[in-house]
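Below, each chain spelled out in residue letters.
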Amino acid sequence: MNTMTYKGYLGSVSYSDKDQVFFGKIEGINGLVNFEGESVKELTAAFHEAVDDYLAYCKEEGIEPDKSYTGVLNVRLTPAIHRQIAKLALKAGLTINAYIKDALEEKVEASLAV
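Just so we're clear, the structure is a prediction, and the values are computed from it rather than from any experiment. (Residues numbered from 1 in each chain as written. Predicted model: local features only at pLDDT ≥ 70, side-chain atom pairs only at ≥ 80, totals over all residues. Heavy atoms only, no water.)

**Quick notes on the overall build of the protein chain**
Then step 1. What the protein chain contains, in helices and strands, is three helices and four strands.
Then step 2. When the helices and strands of the protein chain are read in sequence order from the N terminus, they spell out β-β-β-β-α-α-α.
Then step 3. Relative to its length of 114 residues, the protein chain is extended, with a C-alpha radius of gyration of 19 Å against a globular reference of 13 Å.
Then step 4. Taken along the three principal axes of its C-alpha coordinates, the protein chain extends 55 × 40 × 25 Å.
Then step 5. In the protein chain, which comprises 114 residues, the share counted as buried stands at 21%. (Helix = DSSP H or I, 4+ residues; strand = E, 2+ residues; numbered from the N terminus. Rg over C-alpha atoms; globule rule 2.2 N^0.38 Å. Buried < 20%, exposed > 50% of the residue type's maximum accessible area, 1.4 Å probe, protein only.)

Structural data, given as structure tokens:
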């Protein structure tokens, strides 16, 4: 998936060959906000405008702009990977949940450091 970032917000980007236009939406927000442009420059400007307008609207209405997450995540794995994680967690003296949480935190921190 192609994405762009502005003010900490992520926009997903696609292209419609039929309409000859780039289009996208702001991800991870409490609403649906789309943007589009016929060039990368237009798309970028439209994305920035969409984020700015959305944030202004949220401030005016007293709405939290960011989507809330529960912190509970159901992950589907193959039985073989589940078994390996269980063994690794046991060796590390952790529960499976704690082991997966630590692994994901490490992966996220490494991604943010780049």
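Still more ground to cover, so stick around.
**Some points on the pattern of salt bridges**
Then step 1. According to the stated counting rule, one finds two salt bridges in the structure shown.
Then step 2. In this structure, Asp52 and Lys7 form a salt bridge, with 2.7 Å as the shortest nitrogen-oxygen distance. Of this pair, Asp52 sits in helix α1 (residues 40–61) while Lys7 sits in the loop between β1 (2–6) and β2 (9–16), and the two are 45 residues apart along the sequence.
Then step 3. We note a salt bridge from Lys101 to Glu105, for which the minimum N-O separation is 2.9 Å. Within this pair, Lys101 and its partner Glu105 are both found in helix α3 (residues 96–113), separated by four residues, close to a single helical turn.
Then step 4. Exposure remark for Lys101: the relative accessible area of 44% places this residue in the partly exposed category. (Salt bridge = Lys/Arg side-chain N within 4 Å of Asp/Glu carboxyl O.)

**Focus on a negative patch on the surface**
Then step 1. Judged by side-chain charge, Asp19, Glu36, Glu38 and Glu42 come together as a negatively charged surface patch.
Then step 2. Note on placement: Glu42 falls in helix α1. (Patch = residues over 30% accessible without salt bridge, like charges linked within 9 Å, V, L, I, M, F, W, Y side chains within 5 Å. Areas by Shrake-Rupley, 256 points an atom, 1.4 Å probe, with all protein chains shown as cover. Lys, Arg positive; Asp, Glu negative; His and termini not counted. Charge placed at Lys NZ, Arg CZ, Asp CG, Glu CD.)

**Thoughts on the nonpolar core**
Then step 1. In this structure, Met4, Ile26, Ile29, Val33, Phe35, Phe47 and Val51 are the most contacted members of the largest nonpolar core, which totals 15 residues.
Then step 2. Elements with a minimum of two residues in this core: β1, β2 and α1.
Then step 3. Of all the elements, α1 adds the most residues to this core, at seven residues.
Then step 4. Apart from residues no more than four positions distant in its own chain, Phe47 is found in contact with Met4, Thr5, Tyr6, Tyr9, Leu10, Gly11, Ile26 and Phe35. (Core = buried A, V, L, I, M, F, W, Y, C linked by side-chain atoms within 4.5 Å. Contact = heavy atoms within 4.5 Å.)

**Describing the packing of aromatic side chains**
The geometry of an aromatic ring pair comes down to the distance between the two centres and the angle between the two planes.
Then step 1. Going through the model one piece at a time under the given rule, you end up with three aromatic pairs.
Then step 2. Relative to Phe47, the ring of Tyr6 has its centre 6.4 Å away and its plane inclined at 65°; by these criteria the two rings are edge-to-face. On the criterion of sequence distance, the pair formed by Tyr6 in strand β1 and Phe47 in helix α1 is long-range, its members being 41 residues apart.
Then step 3. The exposure class of Tyr6 is buried, given its relative accessible area of 18%.
Then step 4. Ring centres of Tyr15 and Phe22 lie 5.0 Å apart, and the angle between their planes is 55°; this geometry places the pair in the tilted category.
Then step 5. By relative accessible area, Tyr15 is classed as partly exposed at 41%.
Then step 6. Ring pairing ties together the aromatic residues Tyr6, Phe35 and Phe47, which thus form one cluster. (Phe/Tyr/Trp six-rings, centres within 6.5 Å; stacked < 30°, edge-to-face > 60°.)

Geometric descriptors of this kind do not, in isolation, establish any biological role.
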